[in-house]
Amino acid sequence: APHPSPSSYSVMCWNMLAQCYTRSEYFPSVSPKSALKWKHRGPAIVAEVQRLAPDVVALQEVDNWDFMSSELGSAGYDGVRKGKTGGKKDGVAVLWKRALLRLAESEEVETDIKGGVGLLVRLEPASAASDGGGSFVVATTHLFWNPQLEVLKLRQAELCLRRAAAFARGGPLVFCGDLNSMP
């Protein structure tokens, strides 16, 4: 049987705002302030992923991986995570519906620039033989936030894109991330 086309899968990309960066003074319009606490946000994030039911989820600012992988695992997702470098508590993750897809291989990316990381995953149909047919790559990254350092973000993006293109080996590639870029 022919493999499903990579274009037939849905992909969701979301910076879920790491709890370690959540301070009420950064979000003065949020009311009540308790809405910023993980005990409220975590289940709401999981519920939104379940409601939208994407085939693949690319996340940034993931610092509660045990919770996310457990809750989304119970909802039928498998996934991998790469933590940021430089002592940061958050990272990036890619999850996929295990009934549809399986992990063929993954690769971690470290930009060595402001703790920047990326994650590359090659997914293939769960029903496929291990011949790589129907496989595609999903990449996710989180570029540095500072709007004054566009050159730094450009270097991070260039490194991640080069690594993703090499990893994809000419095959389909979906590049996701929080690029922290101005329009």
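Going by the structure above, here's the rest.
Just so we're clear, the structure is a prediction, and the values are computed from it rather than from any experiment.

A.B. asks: Hey, could you go over the packing of aromatic side chains for me, with residue numbers and the actual values?
C.D. replies: Applying the stated rule across the entire model yields three aromatic pairs. Measuring from centroid to centroid gives 5.2 Å for Y9 and F136, while their planes differ by 20°, and the two rings are stacked. A residue pair is termed long-range when its members are at least 10 positions apart, and Y9 in the segment before β1 (11-15) and F136 in strand β7 (residues 136-142) qualify at 127 residues. Look at F136 and you get buried, because its relative accessible area is 2%.

A.B. asks: For the pattern of salt bridges, give the residues involved together with the corresponding values.
C.D. replies: Any two side chains of opposite charge can pair, given that their charged atoms come close. Counted by the stated rule, this structure contains twelve salt bridges. Note that D55 and K97 form a salt bridge whose closest N and O atoms lie 3.8 Å from each other. Linking D55 in the loop between α1 (38-52) and β2 (56-60) with K97 in strand β4 (residues 91-97), this pair joins segments that are 42 residues apart in sequence. Take D55: its relative accessible area is 10%, and that puts it in the buried class. Here K97 falls in the partly exposed class, since its relative accessible area comes to 21%. Across the pair E105 and R169 runs a salt bridge whose closest N-O atoms are separated by 3.0 Å. Here R169 lies in the loop between α3 (150-168) and β8 (173-178) and E105 lies in strand β5 (residues 101-110), a separation of 64 residues in the sequence. The class of E105 is partly exposed, set by a relative accessible area of 29%. Since its relative accessible area comes to 57%, R169 is described here as exposed.

A.B. asks: Could you give an account of helix α2 (residues 65-74), naming the residues involved and the relevant values?
C.D. replies: Listed in full, the buried residues belonging to α2 are W65, M68, L72 and G73. All buried residues of α2 project into a common sector of 120° when viewed along the axis, lining one side. Residues of α2 that are exposed and angled more than 90 degrees away from the buried face: D66 and S74. At its buried positions, α2 is contacted by α1, β2, β3 (77-83) and β4.

A.B. asks: Tell me what's going on with the layout of surface pockets, and back it up with residues and numbers.
C.D. replies: When its volume is computed, the largest pocket comes out at roughly 260 Å³. If you go around the largest pocket, you meet 14 residues; those closest to its centre are Y21, K84, H142, F144 and W145. Classifying every residue of the lining of the largest pocket gives four nonpolar, five polar and five charged.

The rules behind each value
- Residues numbered from 1 in each chain as written.
- Predicted model: local features only at pLDDT ≥ 70, side-chain atom pairs only at ≥ 80, totals over all residues.
- Heavy atoms only, no water.
- Phe/Tyr/Trp six-rings, centres within 6.5 Å; stacked < 30°, edge-to-face > 60°.
- Helix = DSSP H or I, 4+ residues; strand = E, 2+ residues; numbered from the N terminus.
- Buried < 20%, exposed > 50% of the residue type's maximum accessible area, 1.4 Å probe, protein only.
- Salt bridge = Lys/Arg side-chain N within 4 Å of Asp/Glu carboxyl O.
- Arc of directions from axis to C-beta.
- Contact = heavy atoms within 4.5 Å.
- 1 Å grid on protein atoms, 1.4 Å probe; cavity = no way out; pocket = protein on both sides within 12 Å on 5 of 7 lines; lining within 4 Å.
- Points joined across faces, edges and corners; volume = space filled by probe spheres on them.
- Nonpolar A, V, L, I, M, F, W, Y, C, P; charged D, E, K, R; others polar.

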